[in-house]
Amino acid sequence: QVQLVESGGGLVQSGGSLRLSCAASGSILSIYRMGWYRQAPGKQRELVATMTSGGKRNYAESVKGRFVISRDRGKNTASLNMNDLKPEDAAVYYCNVDPVLTTGGRCLEVWGQGTLVTVSS
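All of these numbers come straight from a predicted model, not from anything done at the bench. (Residues numbered from 1 in each chain as written. Predicted model: local features only at pLDDT ≥ 70, side-chain atom pairs only at ≥ 80, totals over all residues. Heavy atoms only, no water.)

K.L.:
Just give me the short version of the pattern of salt bridges, but keep the residues and values in it.
P.N.:
Evaluated as defined, the whole model comprises five salt bridges. The salt bridge involving R38 is made with D89; its shortest N-O contact spans 3.0 Å. With a gap of 51 residues between them, R38 in strand β5 (residues 33-39) and D89 in the loop between β9 (77-82) and β10 (91-102) connect regions that are remote in the sequence. The same class applies to R38 and to D89, which are both buried. One salt bridge connects D89 with R66, and the closest N-O pair in it is separated by 2.7 Å. Remark: R66 occurs in the loop between β7 (57-59) and β8 (67-72) and D89 occurs in the loop between β9 and β10; sequence separation between them is 23 residues. Summarising the burial analysis for this pair, D89 and R66 share the class buried. If you follow the salt bridges from partner to partner, you end up with R38, E46, R66 and D89 in one network. (Salt bridge = Lys/Arg side-chain N within 4 Å of Asp/Glu carboxyl O. Helix = DSSP H or I, 4+ residues; strand = E, 2+ residues; numbered from the N terminus. Buried < 20%, exposed > 50% of the residue type's maximum accessible area, 1.4 Å probe, protein only.)

Below you can see the structure in the form of structure tokens.
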């Protein structure tokens, strides 16, 4: 199977920066898209940023110019550099891989357990 482990969440003041990291492990043959989603209390989970294996990035309008996603395909890791954080960025951030092809021939979508980002005003 495939597991995702996120790290880097925490408390930051408005205007500050954080870096989230995600490491995928397990029976991985390849990953097409790695990305970050977030869910604030009382709201639906929403896309933050994704990056394909070909290097195409996609960002939510609300984070463009402030967040940068990067990937290391060889290590199956992804990072999200978040700058100029605002109180409305506070949420649980989830790493996602979709799809991941396993060595057993399965094609999966996998979510991490989430990491909390809190932004104080």
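Still more to cover.
K.L.:
If you had to explain the state of the cysteines to someone new, which residues and values would you point to?
P.N.:
Here the structure, examined in full by the defined rule, presents one disulfide. C22 shares a disulfide with C95; S-S distance 2.1 Å. One quick way to see it: the torsion about the S-S bond of C22 and C95 is about -85°, and its sign makes the bridge left-handed. Of the two residues, C22 sits in strand β3 (residues 18-26) while C95 sits in strand β10, which places them 73 residues apart along the sequence. Under the relative-accessibility criterion, C95 is labelled buried at 0%. There is no disulfide at C107, and the cysteine sulfur nearest it, in C95, is 16 Å away. (Disulfide = S-S within 2.5 Å.)

K.L.:
Explain the environment of E61 to me, using residue names and the numbers behind them.
P.N.:
Relative to the assigned elements, E61 resides in the loop between β7 and β8. A relative accessible area of 63% places E61 in the exposed class. The spatial distance from the C-alpha of E61 to the C-alpha of A49 is 9.7 Å, given a sequence separation of 12 residues. A distance of 2.7 Å separates polar atoms of two side chains, one belonging to E61 and the other to K64. (Polar contact = N/O pair within 3.5 Å; in protein donor to acceptor, adjacent residues only side chain to side chain.)

K.L.:
For the nonpolar core, give the residues involved together with the corresponding values.
P.N.:
By size, the foremost hydrophobic cluster in this structure holds 33 residues, and its most contacted members are W36, V48, F67, L80, M82, Y93 and V100. If you tally residues by element for this core, the top one is β10, at five residues. Not counting residues up to four positions away in its chain, the partners in contact with V100 are V2, I28, S30, I31, R106, C107, L108 and V110. (Core = buried A, V, L, I, M, F, W, Y, C linked by side-chain atoms within 4.5 Å. Contact = heavy atoms within 4.5 Å.)

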